[in-house]
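Here are the chains, one letter per residue:
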Amino acid sequence: MFRFQQYHQYRASVPSPNGQPIVMDVDGVDVRVTSPDRVIYEPTTRTPAVTKRDVCAYVATVGGPLLAAIGGRPTAMERWPDGWRDGMRLAVGPTDKDGDGFYQKRLPKGAPAYVETVQVTFPSGRTADELCPTRAADLVWAAQMGTLTFHPWPVRRPDVEHPDELRLDLDPQPGTTFADARRVADVLRELLDELGLRGYPKTSGSRGIHVYVRIEPRYTFEQVRHAAIGLGRELERRDAGVTTAWWKEERGSRIFLDFNQNNRDRTIASAWSLRARPGAPVSTPMTWARLADVVDPAEYNLTTVPDYLDDGDPWADIDAEAFSLEPLLHLWETLPGGELNFPPDYPKMPGEPPRVQPSKKVADHWDADGNRIAD
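So, a few notes on the structure that sits alongside this text. Since we're looking at a predicted model, the values are computed, not measured.

Turning our eyes to something else, we now look at the overall build of the protein chain. The helix and strand tally for the protein chain stands at nine helices and 14 strands. The C-alpha radius of gyration of the protein chain comes to 21 Å, within 12% of the 21 Å expected for a compact globule of 375 residues. Considered along the principal axes of its C-alpha atoms, the protein chain spans approximately 70 × 45 × 40 Å. In the protein chain, which comprises 375 residues, the proportion classed as buried is 53%. Of the contacts made within the protein chain by residues no fewer than 6 positions apart, 67% connect residues no fewer than 24 positions apart. Total accessible area on the protein chain stands at roughly 16400 Å², and carbon and sulfur atoms take up 50% of it. For the protein chain, the centre of its 45 positive side-chain charges and the centre of its 55 negative side-chain charges are spaced 4 Å apart.

Given below as structure tokens:
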């Protein structure tokens, strides 16, 4: 399959006189695309202007690998209805009305009848029916609605309480670069190999690197999070350029392994997703050998990834084996450190340290369980 040609065929297949809506045939399903000539990404020195038609054509072109990555998963949509421009801001919550983009966690009204959902429960106990993609047309419809980035949960329908993915987010902190993340990723690869696990890397679409491990769907979200902490602590022992410190003031110029990305309702940009950054970069799956040669992850973008896929999906066999988390839970149980902080929107969790920056903590104000002592 010549995906680069397919992408241009999607773009050229339906004329749009005077910017009128078009209808794209996506594997036999008609998807209506309004304002197809709206500019979603402005041109850069590397890429031309990208229109809504281009975004929908890209999603249709990578529909197979994208569906393999997020099909059957509860998926939040990161929507930028008017396109993305440098300086625009993503809303930080439902009460933030001034953001240019926002997360759509509940399927919006008016979605086509063929689009399926699955119910999820948030840490607050509230529930929502989220998009559950089952066909490429679902993804193109979401793109038509302004979705640039898909944020799937690490679970699949029908069992949304037991993750089947461990997600390791290597997040460069100020003073570090993609090259630092790439070096740490290679140390992580060696550690996973030693533990009998296989990791699948991808660029984040920015400066970071994500590594996924398929796991047996029999663990709770808390156990998966603890597995990530245990792995992160062993990684810290092997590389001084790694940290699991939750508070930014303690991280320094190191690569932060964001263990909290494994919590309930915490998601990472999916494989093959566009990112809201200049040049329409893509969070791009890779082999370890390919990752080792990457200098600038922005080279993998909407204009280049369809051609890149001509060599096949680097994650094609990710579902071939699901691994036990026991080696990582052993690290959690045996390495010193104890429980770490949860995100601020979470209820207070058992054993969690005080939710206060270390530099502002007054020891006499907190009990042994991390609870604030009333004045």
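Once that is clear, we can look at the sheet that holds strand 10 (residues 165-172). Strands pair in a sheet through their backbones, by hydrogen bonds, and they do so in one of two ways: parallel or antiparallel. Ordered in space as 11-12-10-14-13, the five strands form an open sheet in which the pairing is mixed. Since the sheet does not close on itself, it has two edges, and those belong to strand 11 (200-203) and strand 13 (242-243), each with one partner. Direction of pairing for strand 13 relative to strand 14 (residues 255-257): parallel, over a ladder of two bridges. Among the inter-strand pairings, Thr243 is bridged to a residue of strand 14, identified as Phe256. Lying on the sheet, helix 6 (residues 221-238) is in contact with strand 10, strand 13 and strand 14; it crosses strand 10 at an angle near 45°.

For the rest of this paragraph, the subject is empty space enclosed by the protein. Summed over the entire model, instances satisfying the criterion amount to one cavity of 30 Å³ or more. Taken as a whole, the largest cavity spans an internal volume of roughly 30 Å³. What lines the largest cavity is Ala69, Ile70, Pro152, Glu165, Arg167, Tyr212, Ser270, Ala271 and Trp315. Within the residue set of the lining of the largest cavity, elements represented by two or more residues are helix 3 (63-70) and strand 10. Considering only residue class, the lining of the largest cavity consists of six nonpolar, one polar and two charged.

The next point concerns the environment of Asp296. Residue position: Asp296 is located in the loop between helix 7 (288-292) and helix 8 (305-308). Its relative accessible area of 26% is what places Asp296 among the partly exposed residues. Residues Asp296 and Arg207, 89 residues apart in the sequence, show an inter-C-alpha distance of 8.7 Å. Side chain to side chain, Asp296 and Arg46 meet in a polar contact 2.7 Å long. Engagement of the side chain of Asp296 in a polar contact is seen with the backbone nitrogen of Ala298, the distance being 3.0 Å.

Moving on, we come to helix 9 (residues 326-334). Buried within helix 9 we find Leu328, Leu329, Leu331 and Trp332. Buried residues in helix 9, looked at end-on, bunch into an arc of 150°, giving them a common side. The secondary structure elements touched by the buried residues of helix 9 are strand 10 and helix 6.

Regarding helix 3, the residues found buried are Gly63, Pro65, Leu66, Ala69 and Ile70. Projected down its long axis, helix 3 shows its buried positions confined to an angular sector of 165°, all on one face. Phi turns positive, to about 75°, at Gly72, one or two residues after helix 3.

Let's shift gears to the packing of aromatic side chains. Scanning all chains against the criterion turns up eleven aromatic pairs. When the centroid spacing of 6.2 Å and the interplanar angle of 85° are considered together, the rings of Trp153 and Phe221 count as edge-to-face. Within this pair, whereas Trp153 is found in the loop between strand 9 (147-152) and strand 10, its partner Phe221 is found in helix 6, the two being separated by 68 residues in sequence. Overall, Trp153 belongs to the buried group, its relative accessible area being 1%.

Now for the layout of surface pockets. Put simply, the largest pocket is a space of about 1700 Å³. In terms of lining residues, the largest pocket is bounded by 48 residues, among which Glu78, Leu90, Ala91, Tyr103 and His151 are the most central. Listed by contribution, the elements that provide at least two residues to the lining of the largest pocket are strand 5 (75-79), strand 6 (102-104) and strand 10. Ranked by residues supplied to the lining of the largest pocket, first place goes to strand 10 with four residues. In the lining of the largest pocket, the residues fall into 20 nonpolar, twelve polar and 16 charged. A volume near 220 Å³ is recorded for the second largest pocket. Surrounding the second largest pocket, Asp171, Trp246, Arg251, Phe256, Asp258, Asn260, Gln261, Arg266, Pro343, Pro344 and Asp345 form its lining. Class assignment of the residues belonging to the lining of the second largest pocket gives a composition of four nonpolar, two polar and five charged.

If you walk through the whole model with that rule in mind, you get 27 salt bridges. The salt bridge involving Asp164 is made with Arg73; its shortest N-O contact spans 2.8 Å. With Asp164 in the loop between strand 9 and strand 10 and Arg73 in the loop between helix 3 and strand 5, the pair connects residues that are 91 residues apart, well separated along the chain. One network of salt bridges, with partners in common, ties together Arg73, Arg156, Asp164, Glu165, Arg167, Arg214 and Asp319.

Calculation criteria
- Residues numbered from 1 in each chain as written.
- Predicted model: local features only at pLDDT ≥ 70, side-chain atom pairs only at ≥ 80, totals over all residues.
- Heavy atoms only, no water.
- Helix = DSSP H or I, 4+ residues; strand = E, 2+ residues; numbered from the N terminus.
- Rg over C-alpha atoms; globule rule 2.2 N^0.38 Å.
- Buried < 20%, exposed > 50% of the residue type's maximum accessible area, 1.4 Å probe, protein only.
- Contact = heavy atoms within 4.5 Å.
- Areas by Shrake-Rupley, 256 points an atom, 1.4 Å probe, with all protein chains shown as cover.
- Lys, Arg positive; Asp, Glu negative; His and termini not counted.
- Charge placed at Lys NZ, Arg CZ, Asp CG, Glu CD.
- Pairing = 2+ DSSP bridges.
- Axes fitted to C-alpha atoms, helices over the stretch in contact; angles between N-to-C directions.
- 1 Å grid on protein atoms, 1.4 Å probe; cavity = no way out; pocket = protein on both sides within 12 Å on 5 of 7 lines; lining within 4 Å.
- Points joined across faces, edges and corners; volume = space filled by probe spheres on them.
- Nonpolar A, V, L, I, M, F, W, Y, C, P; charged D, E, K, R; others polar.
- Polar contact = N/O pair within 3.5 Å; in protein donor to acceptor, adjacent residues only side chain to side chain.
- Arc of directions from axis to C-beta.
- Phe/Tyr/Trp six-rings, centres within 6.5 Å; stacked < 30°, edge-to-face > 60°.
- Salt bridge = Lys/Arg side-chain N within 4 Å of Asp/Glu carboxyl O.

Shape is all these values report; function is a separate question.
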